[in-house]
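Tertiary structure, described
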Amino acid sequence: MKNLSVILLAALALAYPALWWGGRMPGEWKLFSECAWSIGCMMFLAVVPDRLRRFADLSQENVRHVLYCMIPAGIILMMHYYFARGNTDLLCRGLFFLVLPIFGAVYAGELKRPLLWAVVLLGAADAAVLGIQYFQGMPPYGITGNWNWSATLLAAAFLAGAGLLRSVKKCVLLAVLAVAAAVLYCLPSVWLEYFPRGTVLALGTAAGLTCCTLMPRKFRIAKIGLLLLLLTGVVLALIRMEEDSTRSSLASGTIQMVKSHPLAGVGPGRFESEIPSFLPERYFEGDFVAERHPHPHNQLLKFLAESGIAGAVLFGAFCLILYRSGRGMSAGEDRALWAMAVMLTMHGMVDVLLEEWPLNVIWLLALGILWGNTVVLQTPDVPEMEKSDVYWPLRVVQILLAVLLCVQVVREGTSGFYARRAKLGGGAADWERSRMWKETPENLYAGAMNALFDRKDPSAALQFLTRMEYQTTFRNYLHNQGLTARALAAGGKWAESLPYFEAEQRNFPVSAVNCYFHAQVLQKLGKTSEAEAKLSAMHRILAARGRTVADLPELIRNPALELRKKK
């Protein structure tokens, strides 16, 4: 495929188009989501299906083991996503984990160098954005929107550049330089609080394992010693990082969630909805309580919590690809890709890799390319006559997938454009246009807020909130349970609002605002003693946060302030 490299570079670069003309960070305007990547990869796999068949035929037995693990687990995961709501977006999200590595494996030869160039160019863009943010006194979010992942993208760019030089020795040298770059990047005093621990741990692991692969066989004892030393260092570093009360509380809550749903998990995309009821009380007593909990800072735990055994098997297949492809490598490009994939995998143990653009796409494609490198794949071009005679039904499939891809990109791109405009100063009209193109938790929540507080229409607010929960599977999103309770209370449905006030209090025990409105409803229902208990709880919460009743109007306008102590 002659144009495959150009398409890959363009898709990675244009995933968040606002970044290239003054966007603040990813999430403002998304053009190529996981769904679009899934559809696009399926479209290219259907172009020359003979390649996919030959890939399976030429695969060695040990590589087929990956297929045997990956495809059933991927199909189960994909169906799990679909039957969660019968939503095609969820189905394509499930396909993302399965299709991208297979696409990378089948087109390994065409994708290898373009992917390395894409990482280098994205790393350069990240460095430029970080420089601008430094001189403007801003946090080092980079193009990823997260300082840890921005540092990791810089390190990945070093490794990719080493691979393009096609030198094994330089690859190791630049891995060390990448560590130095990460440390130097943290030296300015304004960024010391943003030290990328995950990046340093991931780079150290990748550098150590790369050194092990370069050791001759006669140094087997030294290799084992280095591996043990590396393993000890990783375990100690993970223990040290888990001392963070926020992370340890999220991890313990996620483990409890896994124990409660060990086989199928709580459902795809439902981690955020289910985790509040599993969080220990100590989590809400810390200084870093979050309004949202979209992931547990560990990719394996996320798979286990949402998809159970199928998710764990799929992640195991990813690790098996890495293990198999790490043996017998010789080319600098392959070593760079392998070190980069190891680094990203290790970082995924202290964060959630598959939620972070562009490293989620880079990781899955790198795994696929490494997988494809273990297969001697000779696929000469099929004559045009043979293609048209034998595969003509697939032309219909290709056209349908191409149309579906265009529809997906237009829907997401236009919806994201209006959502970005609304956040940058637009009004309810922009949120409405965003919803017309594609409903998301963000624009549905904005619609509910507008209906309840601006238009004084609690009935419309309830419709938005109900649709958000059904359409997106988000049962807990920000303070939607409390918002539902207040909408019901505003409509005179006091008794019906009580379960929602209680749910909000379970999800956010530090919400004095929720206690305040809950007490008002209890008083309306004549439950005076319960109302007084809620008011006492409100005063305790306010005092613990260094606030008083006089702060309530400000807290009602800005719920995020409830999670922070008053300075």
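Read on for an overview of the structure. (Residues numbered from 1 in each chain as written. Predicted model: local features only at pLDDT ≥ 70, side-chain atom pairs only at ≥ 80, totals over all residues. Heavy atoms only, no water.)

Attention now goes to helix α1 (residues 4–13). Taken together, the buried positions of α1 are L4, L8, A11 and L12. The buried residues of α1 all sit within an arc of 95° when viewed along its axis, so they share a single face. Buried-residue contacts for α1 involve α2 (34–47), α5 (88–106), α6 (108–135) and α15 (359–373). (Buried < 20%, exposed > 50% of the residue type's maximum accessible area, 1.4 Å probe, protein only. Helix = DSSP H or I, 4+ residues; strand = E, 2+ residues; numbered from the N terminus. Arc of directions from axis to C-beta. Contact = heavy atoms within 4.5 Å.)

Cis geometry marks the peptide bond from W357 to P358; its omega dihedral reads 0°. Tracing the backbone through its elements, the reader meets P358 in the loop between α14 (332–347) and α15. You will see that H297, though not glycine, has its phi angle at about 65°, which is positive. Mapping H297 onto the fold places it in the loop between α12 (271–274) and α13 (299–325).

One pass over the full model with this rule turns up 11 salt bridges. Two residues, D334 and K112, come together in a salt bridge whose shortest N-O distance is 2.9 Å. Of this pair, D334 sits in helix α14 while K112 sits in helix α6, placing them 222 residues apart in sequence. Judged by relative accessible area, which is 13%, D334 ranks as buried. Looking at K112, the relative accessible area reads 14%, which means it is buried. A cluster of three or more residues bridged by salt bridges with shared partners is formed by K302, E306 and E355. (Salt bridge = Lys/Arg side-chain N within 4 Å of Asp/Glu carboxyl O.)

All right, on to empty space enclosed by the protein then. By the definition in use, this model includes 6 cavities of 30 Å³ or more. What lines the largest cavity is a set of 16 residues, and nearest its centre among them are H479, R486, E504, V513 and P559. The set of elements that each furnish at least two residues to the lining of the largest cavity consists of α19 (441–454), α21 (480–490), α23 (512–524) and α25 (552–557). Across the lining of the largest cavity, the residue classes break down as 9 nonpolar, 4 polar and 3 charged. There is about 50 Å³ of room inside the second largest cavity. The wall of the second largest cavity is formed by K30, F32, S33, E34, W37, F96, W357, N360 and V361. (1 Å grid on protein atoms, 1.4 Å probe; cavity = no way out; pocket = protein on both sides within 12 Å on 5 of 7 lines; lining within 4 Å. Points joined across faces, edges and corners; volume = space filled by probe spheres on them. Nonpolar A, V, L, I, M, F, W, Y, C, P; charged D, E, K, R; others polar.)

Here we take up the nonpolar core. F318 and W363 are the most contacted members of the largest nonpolar core, which has 86 residues in total. In this structure F318 touches M70, F97, P101, F303, W363, L364 and L367, once residues within four positions along its chain are discounted. Within the second largest apolar cluster, 18 residues are counted, among which are A489, A512, F517 and A519. (Core = buried A, V, L, I, M, F, W, Y, C linked by side-chain atoms within 4.5 Å.)

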